[in-house]
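# A look at the structure
Given next are the chains, with one letter for each unit.
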Amino acid sequence: MKFKLLTLLIVFFLFEVHASSSNVEQNQIFKNIRCLVCQGQSIADSNSDFAQTIKLVIKDKIKEGKTEKEIYNFLIEKYGQWIVYKPPMNGSNFLFWLFPYLIFIAGGVVIIMFFKKKENN
Amino acid sequence: MLSNLGNLLLFLNTFLGITIIYYSFENLKSSKSSLSSKIYKYSLIQSTSIIICFFTLVGAFIISDFSLVSVYQNSHSLKPIFYKISGTWGNHEGSLLLWVIILTIFSFLFLIFNKSHPKKFRLYTLIFQNFLILGFLFFILFNSNPFENLTPIPLEGLGLNPILQDPALAIHPPLLYIGFVGSSIYFSAAMASLVTNYSESSFASSIKNWVLISWSFQTLGILVGSIWAYYELGWGGFWFWDPVENASLLPWFSMTALVHSLIVLEKRNILYFWVIILCLLTFILSVMGTFLVRSGILNSVHTFASDPSRGVYILIFLSFMIFGSLFILFRKYENKKYFINPNSKETFVLVNNWFMMFYLVTVMLGIFYPIFLDALTNNKISVGPPFYNTVIFPLVIIFLFFMTIGPQAKWIKNRFENIKILIFILLAAILINFTIFYIFKRYSILSNLLVISSLFLIISSLIDFTQSLKKSKTDLARIISHLSFGLLVLFIGLNHHFAIEKDFNIKLGETKNFKNYQIKFQELELKDYSNYKAVIGKLKINDLKKNQEKILTPEIRIYNNPQTLTYEAAIKSNLIEDYYLTMSNIDRSEYYNIKFQKKPFMMWIWISVTMISFGGFLRLFKNAKNY
C-alpha cells in the first residue's frame, strides 16, 4: 500500500517537472537582468528609461520565439556579463558555481572524521 | 560649542580606554582575587561619557547646529523632529559613534555580569575590548569625526536622503548594531580565553547570553531592514540578495552556528576551538561587512555612505584583528581528540554548523568572487538572486529534515524511538503539500519540496510543543525558534510560488484587464506637504473572481531638501495577502507605468522572523532567571 502511494507521488513529481519547464516567464527574465544605470536593481524593479527600453527589447525577443538562454546571450553580447544576475556556467565561472558544493562535501568529510576517531580508540 | 564638547568627550574616552588597559595590566600583577575598584569606576565613567557624547550629537541634530559638518550634510531645519534625531545615526560618522557606544556599554556590562568568572579572564576580555574601542575611536577622531567644524556656518543643511526618512530605518541601525557590534564582546572573550587558557564549559557559560543577545537583535535588525526595503524601495519583495543585505547575513550565519555549538561546549566540553573560531569569525565578519558597506566597493542600494579613505582605515584595522587573532589562535591551538557517536545530539549540532558554514561560504563567494574577478581579469560579472536561489534552496530542504530530527536526539548516544511518528508526519506533510498545490493548480518541484520539508518541521515542532506543555522541563525557546524557521520557509515558498505580478502602461481614466483582475486608473491628485510635493494616483483593483474591490494610492514624491524623486508603493496588507502597487511616470507622455503585485502571506514572513528572534530572547530570560 505504502509503495503504491510512493510511486504515485513520484509520478506526480515527474509530471510537475514537465509542466513547469514549458513556458518562458517574462518577469523571471526581467528579474535576472541588471538595470545598468541604477544602484543594484534589476530592470523588473526599476523605473528608469534604460529598464523600460530593455524590457521592450526582451518582450520583442519573446515574441520572436527566442528562448530564455538566447535572450541572455544576446544581452551579454551587447552589454557584457555584468548585465545578468546569474553568471553563465562557463570557463572561470564554472569553479565559482562548483565551489560551494566542494565546501559542502569538505564539511561533511570533516564531520565524518570525528566519527573515525572513535573507531581508533 | 557642541562641537567642542563632543571632541572633548571623544578625547576623554580615548584617555579612559588607555587608562583602563593600563590599570587592567596593573591589576593582573596583583595577587588579589578580586578586580580593582578603579576598573569598575573607569568603565562606568567611560560608558557614561560616551553616552553623553552621543547625546551631544543628537542635540546638535535637534537644534540644527550647522557648524557641524555631519549635521550640515545630513539634516535640514525643516525636517520633522523625529528624523532629525534618527538622522544622527543615518550617516557614516554618527553611526560610527553608535558603534563605539555599543562596544563600550557591552564592555561595561560584561564586566559587571560575569563576576563568577576568574579575574584574569575578565581583565583580558576588558583589555581586548578596549583595544577595539580605541581602534574605532581613532577612526572617528582622525577620519570620520561627527563633530568636525565648518566655517563659515551655513544657514541651511543639505537634508537627509528621503528614503532614509522612515520609522523602520530609524530603528534598523541600532538593532543591527546591537547584533553585530555586540558580537565584539565574545570576540574579546574568546581572545582572553585563549590567552588565559580559560577553556571548556565555563567559558561557554560566560558568553552564551551575549551570543543570544547579539543573535536575537541581529535577527530583528535584518528583519526591520527587510521590511523597510519592502515598502520603501518599491521592489515588492522581502529579500533581494543585495550585497549589503548579504553582508548582514554573514555574521548571522556564524552566530547561529555559535548558538548551537555553544550548547555542545557547555554540556559536553568538546569543540572548544571550533567555538573560539566562530566567536572570532562572527566579529571579523561584522567588521568586514562594515568595510564593504563604507568603502563603496559594493554596488548596492546602501552605497549612500561610502568613501575610499574610510575603507583603507577599516581594512587596516580588520587586518590587525584577523592576523592578531589568528596568531594567538595558532599559538594556543592543540589538537584535542574528540570522539562523537554518529547518532547523537552532538552530530546533529555539527550538522547545523556544517550547513551554516555552507550558506556562509556561498554568500561570501557571491560577494567576493565578482570583486576578485574584476580586479584580476577586468571582467565584470553580477551575482544576484538566481545564483543564491539555485545554490542555497535545494540544500535548505535537506537542512530542514535535519532540523526536525536533530532536537529529538539524545546526547552521547541516541536511539530513535519515534521513527514511526516521523514517517507519519512526513506523509502528512506530503499530503498537505499536494492539497495546497492541487487547489491552486501551479507546479514547481522546488517549491513542493520546500513546502514538504518545512511542513515536516512545523508539524513535528507543533507536536513537541503540545507535549512540552505536559512536561515540567521544556525547551520552549528552541521549539519556538525552530517552528518559526519552518513557518518562514513555508511562507517564503508559498509567497514565491503564488505571487502574481503584472506591469503595464496606463493613462488616467483607462481600465486594464488581466487574469481575473480589473484595474481602473480613477484619479490623479497633486498635493503639497511641508517637505515634499506628491503626485497621488488612485487606482481601483477589482478581483472579479472574489468580487472584491480595493483602492490603492501610489505616490510619486518630489522632496525639496535634498531635491529627490521617490516612488512610494501603495500597500494593502492583511494576514492572507498583500496588494502592492507602484506607479511611475513615463517621460513626455500622459501614460504611467504601473506595477501590480499580489504577494501572499507577506505578513507571515515578518511574523515568523519576529518569532525566531523571540525564541532567542526567551532563552535569554530563562538563563537570566537561573543565573
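Values in this document were obtained by computation on a predicted structure and should not be read as measured data.

## Let's talk about the overall build of chain A
- Helices and strands together make up the secondary structure of chain A, namely five helices and zero strands.
- For chain A, the N- to C-terminal ordering of α and β elements is α-α-α-α-α.
- Counting the 121 residues in chain A, one finds 37% classified as buried.
- In chain A, of all internal contacts separated by at least 6 residues, the share reaching a separation of at least 24 is 41%.
- Of the roughly 7600 Å² of accessible surface on chain A, 65% is carried by carbon and sulfur atoms.

## Here we look at the overall build of chain B
- Helix and strand content of chain B: 18 helices and ten strands.
- Over its C-alpha atoms chain B spans a radius of gyration of 26 Å, differing by no more than 12% from the 25 Å that the globule rule assigns to 627 residues.
- Judged by the C-alpha coordinates and their principal axes, chain B covers about 85 × 80 × 55 Å.
- In chain B, which comprises 627 residues, the share counted as buried stands at 60%.

## Brief notes about the interface of chain A and chain B
- Across the contact, 47 residues belong to chain A and 53 residues belong to chain B.
- Of the roughly 4900 Å² buried at the junction of chain A and chain B (both faces included), carbon and sulfur atoms supply 66%.
- Taken together, the connections running from chain A to chain B amount to two salt bridges.
- Here Lys55(A) makes a salt bridge to Asp503(B), at a shortest N to O gap of 3.4 Å.
- Counting every contact that joins chain A to chain B gives ten residue pairs in polar contact (both at pLDDT 80 or more).
- Among the elements of the structure, α1 (2-20), α2 (26-31), α3 (49-63) and α5 (92-120) of chain A are those that each provide at least two residues to the side of chain A that touches chain B.
- It is α5(A) that contributes the most residues to the side of chain A that touches chain B, 16 residues altogether.
- For the side of chain A that touches chain B, the class distribution of residues is 24 nonpolar, 14 polar and nine charged.

## Some remarks on the pattern of salt bridges
Residue and element names in this part refer to chain A.
- What the rule picks out here adds up to 17 salt bridges over all chains.
- Residue glutamate 64 is joined to lysine 66 by a salt bridge in which the shortest nitrogen-to-oxygen separation is 3.1 Å.
- By relative accessible area, lysine 66 is classed as partly exposed at 30%.

## Let's talk about helix α13 (residues 345-377) of chain B
Residues and elements named next belong to chain B.
- Compared with the 48 Å implied by 1.5 Å per residue over 33 residues, the 46 Å span of α13 between its first and last C-alpha is a close match.
- Along α13, the helix axis deviates most sharply at phenylalanine 368, where the bend reaches about 30°; the proline proline 370 sits within four residues downstream.
- The element α13 is extensively covered by neighbouring structure, given that 24 of its 33 residues are classed as buried.
- Directly beyond the C-terminal end of α13, a positive phi value near 65° is found at asparagine 378.

## Thoughts on the pairing of strand β4 (residues 532-543) of chain B
Residues and elements named next belong to chain B.
- For β4, a buried count of nine out of twelve residues is recorded, marking the element as mostly surrounded by other parts of the structure.
- Of the strand pairs in this sheet, strand β3 (residues 517-528) and β4 are connected by eleven bridges, and their pairing is antiparallel. In the strand pairing of β4, isoleucine 519 is matched with isoleucine 541.
- The pairing of β4 with strand β6 (residues 555-559) spans five bridges and is classified as antiparallel. Counted as the bridge partner of valine 535 is isoleucine 556 from β6.
- Taken together, the five bridges between β4 and strand β5 (residues 548-552) define a ladder with antiparallel strand orientation. The residue of β5 that forms the bridge with asparagine 542 is glutamate 549.

## What to know about the sheet that holds strand β9 (residues 577-585) of chain B
Residues and elements named next belong to chain B.
- Read from one edge of the open sheet, four strands run β1-β10-β9-β8, paired in antiparallel fashion. Of all the strands in the sheet, just β1 (500-507) and β8 (570-573) have a single pairing partner and so form its edges. Neighbour to neighbour, the strand axes of the sheet diverge by 15° on average, direction disregarded.
- Where β9 and strand β10 (residues 591-600) come together, nine bridges link them in antiparallel fashion. Each bridged residue has a counterpart across the sheet, and for tyrosine 579 the counterpart in β10 is lysine 598.

## Quick look at the side chain of Lys55(A)
- Inspection of the secondary structure assignment puts Lys55(A) in helix α3.
- Those residues in contact with Lys55(A) that lie beyond four places of it in its chain are Phe30(A), Ile43(A), Ala44(A), Ser46(A) and Asp503(B).

## Re the environment of Leu494(B)
All names here are of chain B.
- Residue placement: leucine 494 occurs in helix α17 (residues 476-498).
- Overall, leucine 494 belongs to the buried group, its relative accessible area being 6%.
- Sequence-wise, leucine 494 and isoleucine 480 are 14 residues apart; in three dimensions their C-alpha atoms are separated by 21 Å.
- Setting aside residues no more than four positions away along its own chain, leucine 494 makes contact with Ile436, Val451, Ala499, Pro600 and Phe601.

## With respect to the domain arrangement of chain A
Residue and element names in this part refer to chain A.
- For chain A, the assigned domains read domain 1 (24-88) and domain 2 (90-121).
- One C-alpha centre belongs to domain 1, the other to domain 2, and the line joining them spans 35 Å.
- The interface of domain 1 with domain 2 comprises four residues on the first partner and four residues on the second.
- Taking both sides of the interface into account, the surface hidden between domain 1 and domain 2 amounts to around 360 Å²; carbon and sulfur atoms contribute 49%.
- Our count for the domain 1 to domain 2 interface comes out at three residue pairs in polar contact (both at pLDDT 80 or more).
- Here the side of domain 1 that touches domain 2 is composed, by residue class, of two nonpolar, one polar and one charged.

## Some details on the pairing of β10(B)
Residues and elements named next belong to chain B.
- Within β10, nine of the ten residues are buried, which leaves it mostly tucked inside the rest of the structure.
- As defined by bridge partners, β1 adjoins β10 across eight bridges and the pair is classed as antiparallel. Residue pairing for β10: glutamate 501 is matched across the bridge by glutamine 597.
- Hairpin connection from β9 to β10: five residues lie between these consecutive antiparallel strands, with arginine 588 at a positive phi of about 55°.

## Details of the side chain of Asn593(B)
- By the secondary structure assignment, Asn593(B) is in strand β10.
- A distance of 2.8 Å separates the side chain of Asn593(B) from the side chain of Asn505(B), its partner in a polar contact.
- Apart from residues lying up to four places away in sequence, Asn593(B) is in contact with Gln52(A), Asp503(B), Phe504(B), Asn505(B), Thr582(B), Met583(B), Ser584(B) and Ile586(B).

## Details of unusual backbone geometry
Residues and elements named next belong to chain B.
- Cis geometry is found at the peptide bond from threonine 151 to proline 152, where omega equals -10°.
- Structurally, proline 152 is set in the loop between α6 (119-142) and α7 (167-182).
- Positioned with a positive phi, leucine 271 is a non-glycine residue whose angle comes to about 70°.
- With respect to the helices and strands, leucine 271 occurs in the loop between α10 (243-268) and α11 (272-295).

Definitions and limits used
- Residues numbered from 1 in each chain as written.
- Chains lettered and ligands numbered in written order.
- Predicted model: local features only at pLDDT ≥ 70, side-chain atom pairs only at ≥ 80, totals over all residues.
- Heavy atoms only, no water.
- Helix = DSSP H or I, 4+ residues; strand = E, 2+ residues; numbered from the N terminus.
- Buried < 20%, exposed > 50% of the residue type's maximum accessible area, 1.4 Å probe, protein only.
- Contact = heavy atoms within 4.5 Å.
- Areas by Shrake-Rupley, 256 points an atom, 1.4 Å probe, with all protein chains shown as cover.
- Rg over C-alpha atoms; globule rule 2.2 N^0.38 Å.
- Buried area = accessible area lost by both parts, 1.4 Å probe.
- Salt bridge = Lys/Arg side-chain N within 4 Å of Asp/Glu carboxyl O.
- Polar contact = N/O pair within 3.5 Å; in protein donor to acceptor, adjacent residues only side chain to side chain.
- Nonpolar A, V, L, I, M, F, W, Y, C, P; charged D, E, K, R; others polar.
- Expected span 1.5 Å × (residues − 1).
- Bend = angle between axes of the 7 residues up to and from the residue.
- Pairing = 2+ DSSP bridges.
- Axes fitted to C-alpha atoms, helices over the stretch in contact; angles between N-to-C directions.
- Domains from an automatic or database assignment.

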